[in-house]
Structure formats: C-alpha cells, structure tokens
Amino acid sequence: RMHPLPVVTLVLVALCSLGSVDSSAYDKIVYHSRIRAKNEGPNVCALQQVLGSKKKYFSTCKNWYKGSICGKKAMVVYECCPGYMKLEGMKGCTAVAPIDHVYGTLGLIKATTTQQYSDISKLREEIEGKGSFTMFAPSNEAWDQLEPEMRSALVSNVNIELYNALHFHMVNRRLLTKDMKDGMTLTSMYNDLGLYINHYPNGIVTVNCARIILGNQVATNGVVHVIDRVISAVGNTIRNVLDVTDELSSFSAAALASGVMDKLDRPGHFTLFAPTNEAFENLNPGYLERIMKDKTVIAALVNYHLLKSVQCSEAIMSGSVYETVEGGTIEIGCDGDSLTVNGIKMVLKKDIVTTNGVIHLIDQVLVPNSAKEVMELMGDSQATFTDMVSELGLAAAIGPKTEYTLLAPVNAAFTDKVMSIDQSLLKLILENHFLKLKVTLSELYNGQLLETLAGKMLRVFIYRTAVCIENACMVRGSKEGSNGALHLMKSLIKPADKSIYQLLIADGRFKIFLSLMETAGLTDLLKQEGSYTIFAPTDDAFNGLSKEDLALLKSDLTALRTILLYHFSNGIFINGGLEGGVTNLLKTLQGNNLQVNSSIHVNSVGVPDSDLMATNGVIHVVKNVLYPADLPVGRQDLLVLLKKLIKYIQIKVVRNKDREYTHTYYMHIIAPFRPFPQSFFFVHLIIHSYYF
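As annotated in an unreviewed UniProt entry, the protein carries the name Periostin, osteoblast specific factor a and comes from Anabas testudineus. The Subcellular location (unreviewed entry) field of the UniProt record for the protein holds the comment "Secreted, Extracellular space, Extracellular matrix".

Structure follows, in structure tokens:
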C-alpha cells in the first residue's frame, strides 16, 4: 500500500510535468516576470523598457541581472499581465479583462488603429461574427512606422488593399503562443500565403520577423497577438531576392560560382548575412579573383555568411554564437537598434523575410579561416614572425598551391638575443618552423615525426594539458586555412642534433656524473636510441666528497646503479608539458616515482636549467643528487656518504610501533643526522615514538 506522502508527491510531479509540456519559452518568460513583480500585487508582470524608447521586453535572467537590452540600459516597468486589469484602489491587477470578440478585444488592448482599419475595410463584421481566428494585430506605433507611401496606398483603397493586408495578418484558427513552434509555417487568410513563425529560447516569438509584444489576448471567436510592425506578403526565396537586388550582384556571382545558389532556392530555414557590392570592393586587391578560381574556397566564403536557422533581428537581445553552414561560428549581437556581427556594427538593412529564411545586408565580407591562406591567418601576437618571414624571403618557399603547416612563435619568443643572431642562421632556424605537410591539431599524436623545410625531423609530444613539438609547446589558437594549418608556439623550436651523452660531454658540467655512469656500466643508456628524461646532477652536486668518498660510492655497484637510475625516466617530459598546480609523478628506471612540478622542482629540489633537447631524450640540470624515499641504504659507511650527498630528505613520523601515521616534510640538511638504532638506514628519517 502506498503511503500518502509519496502519492501527493507523485501528483505534484505529474502536474508539473503537464505544465511543462503545455508551456512554451514565451509562457515561461511571462511566468518569471510575474515572480519578479510579486511584491507589486497579484497578476503584475515586470518588464524591461529600453531607456529612450518605447520598446519593452519580458526579459531573460541574463538581461534582467545586467539591467540592459542590447547593451542599452533598461528600466523596470510594471504592468498587468496579459488578460488582467487594474481596479481603482486595489493593489495589483485583480480584475480579469472582459472577454469579447476579436474586434472588441482590439479596443481593450489599445490596438485602436488596427481596430479602426478593420472597421473601414469591412473586416469588422467578419471578426465580430462566428469563427475561430488568430489575428496578429500591429500596434499603433507599428502603423506609424510604416512607410507613408505604403500606408497611404492601403488607406486609399480600403475595400481591397487594406482588407487584403489585414487578412494577411490573420489565420483561420485559434493559435496561442504555446501552439507556435519554431520554424512553423501558417496559412494566412489572404491567398493562402505563408506566415513564418519563429519561437526562440529567450521567449521571443516572431511572425515574419515581427515580434509579438503582447500575446494570448483570448477572444470569444479567437485570439489576438499584438506585433511590433506591419507585415507584408512573402513569396520570394533567398535566391529570388539575390537575383533582383543590384547591390548584391557580387555576392550573387560568388554564390553561383560556389554552387551554393541552388540551396538558397530550396525550402529551409536560413539566415543570410549578405555583403553589398561595396563590401566586396573593400577586400584586399586580387583576393576575390584568386578565390573565385577555387570552388572549395569560394563555397567556404559563401557558406560562412549562412546560418542554419532563422535569426530575426528582434530575437537578438544579447550576443550569442551561431554555427554557420561552413562549419565555423559567428557571434550575432546587438547594440541598441543595430545588429552586430562578431562585435562589429555592420548590418545595413535587417529582416528581409523570404519563404526559406531571412536576409540581413552587411557592409563587410566575412572571411572564414578556411577561405584564407595560412600566412593570412597570423595575427598581432605573431607579428614579429610574420615580419621575419617576409624579410628573410621565406614566403617565396610557400605558394597558394602548396600545402604546409606553420609553427609560428609568438612575439615574446623573439628576444634581443634571438634578434642578434646572424641572418643566415636565423633563416635556418625559422625554416624549421615550416612543415612540408598540412597537419591539423587533431592529427597530431605522441611520437609523430614531422619534416621541416630545412629537412629536420621534429618530434611531437602529447601531454595531458599540452601539445609540444621538441622544446616548444603550443598556445591556444590553432587554425586551419585553405592551404594548410597554423599552430602558435610559446618559444622558438630547437631541433635536437646530439645524443644525451654528446650533450653532457660537450657541456662540461657533468664529469663526475659521467664517471659514475661509466663505473656503473650505464654509459650506453646515454648513447642508445630511445626516449628518456634525465635529471643530470652537475659536478657541484658532489661538492664535499673526497676521492675516498667517490671510491666508496663506486665500490657498491648495486647502490650506485640505484642512485643513478633514479635520475632517469622513460619518455620525454619537457617543462611546458608538465601540468601546473599539481605534482606530476614520473616513474624512474629505478622503479620509484619522481615528484615533479612545472616550476621545475624535482622532489622539492629546484632545476636551474631545463629542456636541453637530445636526439634520444631531454636533459634537466639539477644541482643535487636525488634519492628515492623508502629505499633502505643498508650500510653504515654508505649512509655516512649519503649524508654528504643528499641535500633534501623526507621525514616520516611513526607514532607507535603498531600503527604508522605518515606526515611528510621536506627539509634542507644543515647539520649531519644520526642513524637511529635498530632501524634500517633510510635517506628519509624514520622517527619512532612509543606510547608507554
């Protein structure tokens, strides 16, 4: 048997579910406006009105908390929610508006111009009589905004033109906002022409891009929705408009050459940002002629102006990102009454409604990365590299027909030291930033070899949070152009040309380490092919050791190999590949883990010199000998020696002999430490404290 509480809960859930099924984005926005106005009394709605205008919105949370619409400050106004009226002396809107036929409802909601025109055009009798109608009634302000010539033509022929115009605003059935689905086409009462509905997530509902500003005014014979403009009949596709609009002839030519024009003549739901002829004239000289020869590139350009959804201007209340047919994205926003594209005011004419979408005219051509050559993808942060490529004649090596990849260092990579390098050597260095093939970010994998224009092979390293090529790691901003790819690099790439062994020999700071490696029989590890990370201690790390001490260290090959192999890790780990803010654990060839962070510090020991790239790995220089925690030394004399070598130790505190509580501290050794009796000798101290 069910308990009462769960039954009640289930009923509430069911009711809530039913409500959500019936509600629409518009209804939800109106509901939230009621909540915001709850202190004003029952059935009051809070709206935002743009300062300096009469435009009011049931607004989203984003706009509400910002206190603005389209970047313009908005004030809060309180009005009766749809269907309610105020009573004198009563707080809130406590009266239900009287229900009347459609004609009478027009008067109740102050759409008096539409009511007057219905009267003089002989529509009144129809909308007072029997039936079920939906009327999209232009507000008084909407009629005032209509072009005088057009309004005059309607009023001078009331029995035909005005009557037909009003019939075009009507549907022969009742439709509330919840019934209006995005992308729906309704049949108007004038020649069965289409009315194109869009219902947006922000609660805006449009019909032929006119916004419903007061919806769901129920009448005895239908419903009235007040809209913010007078709408006109639509019969053309986007292609039809392009064909007959002279100022769009350049874009039309591009659309025809690309093969996209046919798509613009078919049913669909598109938004086209159509650049004018003047916009094309402002392109770089020769650009349009060049890309018109490449159907793929011109198609990318045209499709970048096309959205796969209808975005009427009145639905844009703040910036949002939309995917284009080309595959890239653009941000559509607004600044007051102006639409913006990628943050720029460029829309000359809004809301040219067609049967398959809407057109906005713009004064700039939008050029996607896919319609640019790789060199055109570079921005201000790579300006120095761009200049150097031009000055050193490297641009000649890459033509529009050549596919390649550009590894472009950011400006900060070109230090005074770099800029003082001989020009011929600098040219050779920069040639190693051009790859012979197009390689996108998604195609890179760990261990991949990439050939440069200079003939060098570069290695790719993939880490958890970084992608690196040799010693240089990428920064965000990889792009793909028509003839290649661009990746931004934090530093200049230095291809390896020596083994670890050759680098250590040539450096001169690692004589003792190399001698110990030879004694331990591990020198081949430094020479052989592979991928190793080595933390190499300099001769300074062995300061304080006498010849006898070194002889003792060399006498125990097992201990010596343990110490040396703890300085090696399989795999190449460079500084930029280490994840910041956490400890990176690197498994050593000895078996224990090294604790490395991106500073670089290893087991809390600073690394003064990092990322010395070798053909078989990478060297990080350390000034201290490293030793694994929890590894017993086993000999008293070796322990004494290690006291001199190991500059940092780990202390593990044991609170009783049966149960161990571990607290780890890293301490710099200042004074010698004594071994504790009856315990193994560890490089970290085991401190026993017993309870009595």
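Past the structure itself, the notes keep going.
A.B. asks: What is the right way to read the sheet that holds strand β27 (residues 472-481) from this model?
C.D. replies: Pairing between the strands of a sheet comes from backbone hydrogen bonds, and it takes one of two forms, parallel or antiparallel. Read from one edge of the open sheet, seven strands run β23-β22-β28-β27-β26-β25-β24, paired in mixed fashion. The open sheet terminates on both sides in strands that have one partner only, identified here as β23 (434-435) and β24 (449-451). When strand β26 (residues 467-469) meets β27, the two strands line up antiparallel, connected through two bridges. Bridge pairing links I469 to A472 in β27.

A.B. asks: So what exactly am I meant to see when it comes to empty space enclosed by the protein here?
C.D. replies: Empty space among the atoms can be located by rolling a probe the size of a water molecule over them. With the rule as written, the count across this model stands at two cavities of 30 Å³ or more. Every residue lining the second largest cavity is listed: F513, L516, P537, F542, L553, L560, I563, L564, H567 and V625. Per-element tally for the lining of the second largest cavity: the top contributor is helix α23 (residues 557-565), with three residues. The residue makeup of the lining of the second largest cavity, split by class, is nine nonpolar, one polar and no charged.

A.B. asks: Honestly, the state of the cysteines in this entry has me stumped. Any pointers?
C.D. replies: Each disulfide is one covalent bond, formed between the sulfur atoms of two cysteines. Summed over all chains, the structure comprises five disulfides. The disulfide bridge from C80 ends at C93, spanning 2.0 Å between sulfur atoms. Taking the torsion about the S-S bond as the criterion, the C80 to C93 disulfide, at about -90 degrees, is left-handed. Pair noted here: C80 is in strand β4 (residues 72-80) and C93 is in the loop between β5 (84-85) and β6 (95-96), with a separation of 13 residues, a long-range link. Judged by its relative accessible area of 24%, C80 falls in the partly exposed class. Judged by relative accessible area, which is 2%, C93 ranks as buried. Indicated for the protein is the disulfide connectivity 1-4, 2-8, 3-5, 6-7, 9-10, based on numbering the bonded cysteines in sequence order.

A.B. asks: What should I look at first to understand the sheet that holds strand β1 (residues 44-50) in this one?
C.D. replies: The antiparallel open sheet is built from four strands, whose spatial order is β2-β1-β4-β3. Strands at the two margins of the open sheet, each flanked by one partner only, are β2 (56-57) and β3 (68-69). Relative to β4, β3 runs antiparallel, the two sharing two bridges. Paired with S68 across the bridge in β4 is K73. Helix α2 (residues 25-36) rests against β1 and β4 of the sheet, and its axis sits at about 100 degrees to β1.

A.B. asks: How should the pairing of strand β28 (residues 484-489) be read in this particular structure?
C.D. replies: Remark: a regular strand shows side chains that alternate across the two faces of the sheet. Burial runs high along β28: six of the six residues are buried. Residue alternation in β28 divides its side chains into two sets, G484, L486 and L488 and A485, H487 and M489, and both sets are buried. When β27 meets β28, the two strands line up antiparallel, connected through five bridges. By the bridge assignment, M474 is partnered in β28 with M489. Hairpin connection from β27 to β28: two residues lie between these consecutive antiparallel strands.

Parameters at a glance
Residues numbered from 1 in each chain as written. Predicted model: local features only at pLDDT ≥ 70, side-chain atom pairs only at ≥ 80, totals over all residues. Heavy atoms only, no water. UniProt positions renumbered as here; feature names shortened; annotations may be inferred. Pairing = 2+ DSSP bridges. Helix = DSSP H or I, 4+ residues; strand = E, 2+ residues; numbered from the N terminus. 1 Å grid on protein atoms, 1.4 Å probe; cavity = no way out; pocket = protein on both sides within 12 Å on 5 of 7 lines; lining within 4 Å. Points joined across faces, edges and corners; volume = space filled by probe spheres on them. Nonpolar A, V, L, I, M, F, W, Y, C, P; charged D, E, K, R; others polar. Disulfide = S-S within 2.5 Å. Buried < 20%, exposed > 50% of the residue type's maximum accessible area, 1.4 Å probe, protein only. Contact = heavy atoms within 4.5 Å. Axes fitted to C-alpha atoms, helices over the stretch in contact; angles between N-to-C directions.

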